[in-house]
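Secondary and tertiary structure notes
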Amino acid sequence: FNGQATVSVVQSCVPNIKNAWNMPVIDLNSTLVAIKIASTGHNMEIESTCPACQETNDFELDLRNVLSQQEVPDFHKSIAHGDLEIYFKPMTYENQNKINLGQFEQQRAITNIANSTDSEEVKTQNLNLVLASINEITTQALGFSIGGIKTPQALVTEQQFIDEFLRNCDRNLYNKIKDYVVELREQGDLKPLEMTCSHCSHEYKQQFGLDNSNFFA
């Protein structure tokens, strides 16, 4: 869960990659799919539950199609805001893993609060603390995605100053940056699979990813 298994697989299968933690996430996704093809072939069996009838379907996925649909976001584009120019960069796997772990911990905290026997007042206080942590994780994720902020005087690339800027900028700019980072991430993500249920013919989409449970299946 901490990402080390994925890093070990990449560095073992692709010796030229010395530190997979520093790989952009978009490159890591493509690399994992390519390793899977080289290791077990381009066909992959997947199981899917239809959201309409709840029946289980077995599909054969051609991983070559997954690679061909992979998009590369344009990180040369920037956002202008007054006399500021904000530039973006792909997030590394190490930083993405930090964000994922933080989100998991906060989701677990919310579940613990809901299941606790504390008073409603205490639950509300604890929930507010969790929400503050979630906001901080979101800000951290945005900071990891910003390559630099150009002012009339200088180009700021230091992470601590970028994080400070995000914590203090106005809400409209913050949301504008967040929406653009989400757009870049969605462009680079592995595309959802188009599925048709063999039982009821319902068409739906399913997210696709390679993890340790299915990588060498």
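First, a word on scope: everything that follows refers to the structure included in this document. (Residues numbered from 1 in each chain as written. Predicted model: local features only at pLDDT ≥ 70, side-chain atom pairs only at ≥ 80, totals over all residues. Heavy atoms only, no water.)

Here we take up the packing of aromatic side chains. Two measures describe an aromatic ring pair: the distance that separates the ring centres and the angle between the ring planes. All told, the structure shown has two aromatic pairs when counted by the stated rule. An angle of 20 degrees between the planes, with centres 5.5 Å apart, marks the rings of W21 and Y93 as stacked. Of the two residues, W21 is situated in the loop between α1 (4–13) and α2 (25–40) and Y93 in helix α4 (residues 93–115); the sequence distance between them amounts to 72 residues. As far as the burial class goes, W21 and Y93 line up, both buried. R171 extends its terminal NZ or CZ atom over the ring of Y174, reaching a point 4.8 Å from the ring centre. (Phe/Tyr/Trp six-rings, centres within 6.5 Å; stacked < 30°, edge-to-face > 60°. Helix = DSSP H or I, 4+ residues; strand = E, 2+ residues; numbered from the N terminus. Buried < 20%, exposed > 50% of the residue type's maximum accessible area, 1.4 Å probe, protein only. Lys NZ or Arg CZ within 6 Å of the ring centre and 35° of its normal.)

This next bit is on the layout of surface pockets. Estimated volume of the largest pocket: approximately 1,500 Å³. Together, 49 residues line the largest pocket, and V25, Q96, N100, R185 and D189 are the ones closest to its centre. Looking at the lining of the largest pocket, the elements with two or more residues in it are α1, α2, α4, α5 (120–144) and α7 (171–188). Here the lining of the largest pocket takes 10 residues from α4, the largest share from any one element. Of the residues that constitute the lining of the largest pocket, the class distribution is 27 nonpolar, 17 polar and five charged. Of the pockets and cavities examined, the second largest pocket occupies roughly 230 Å³. (1 Å grid on protein atoms, 1.4 Å probe; cavity = no way out; pocket = protein on both sides within 12 Å on 5 of 7 lines; lining within 4 Å. Points joined across faces, edges and corners; volume = space filled by probe spheres on them. Nonpolar A, V, L, I, M, F, W, Y, C, P; charged D, E, K, R; others polar.)

To continue, consider the sheet that holds strand β6 (residues 155–156). The strand order across the open sheet formed by four strands is β3-β4-β5-β6, and the pairing between neighbours is antiparallel. Only two strands of the sheet have a single partner each, and these edge strands are β3 (78–81) and β6. Pairing of strand β5 (residues 146–150) with β6, which is carried by two bridges, proceeds in the antiparallel orientation. Residue I149 lies in a different strand from β6, and its bridge partner there is V156. Packing against the sheet, helix α6 (residues 159–168) makes contact with β4 (84–88), β5 and β6, and its axis sits at approximately 75 degrees to β5. Packed on one face of the sheet, α7 meets β3, β4 and β5 and runs near 25 degrees to β4. (Pairing = 2+ DSSP bridges. Contact = heavy atoms within 4.5 Å. Axes fitted to C-alpha atoms, helices over the stretch in contact; angles between N-to-C directions.)

Turning next to α4. Between its terminal C-alpha atoms α4 stretches 33 Å, which fits the 33 Å expected from 23 residues at 1.5 Å a residue. For α4, the elements touching its buried residues are α1, α2 and α5. (Expected span 1.5 Å × (residues − 1).)

Counting 25 residues, the largest nonpolar core has V10, I46, L61, L63, V66 and F208 as the members making the most contacts within it. Elements with a minimum of two residues in this core: α1, α2, β1 (43–49), β2 (56–62), α3 (63–68) and β7 (193–196). Tallying contributions element by element places α2 first for this core, with four residues. Once residues lying within four places of it in the same chain are set aside, the contact partners of L63 are V33, K36, I37, G41, H42, M44 and F208. (Core = buried A, V, L, I, M, F, W, Y, C linked by side-chain atoms within 4.5 Å.)

Purely spatial values, then, with no claim about function.
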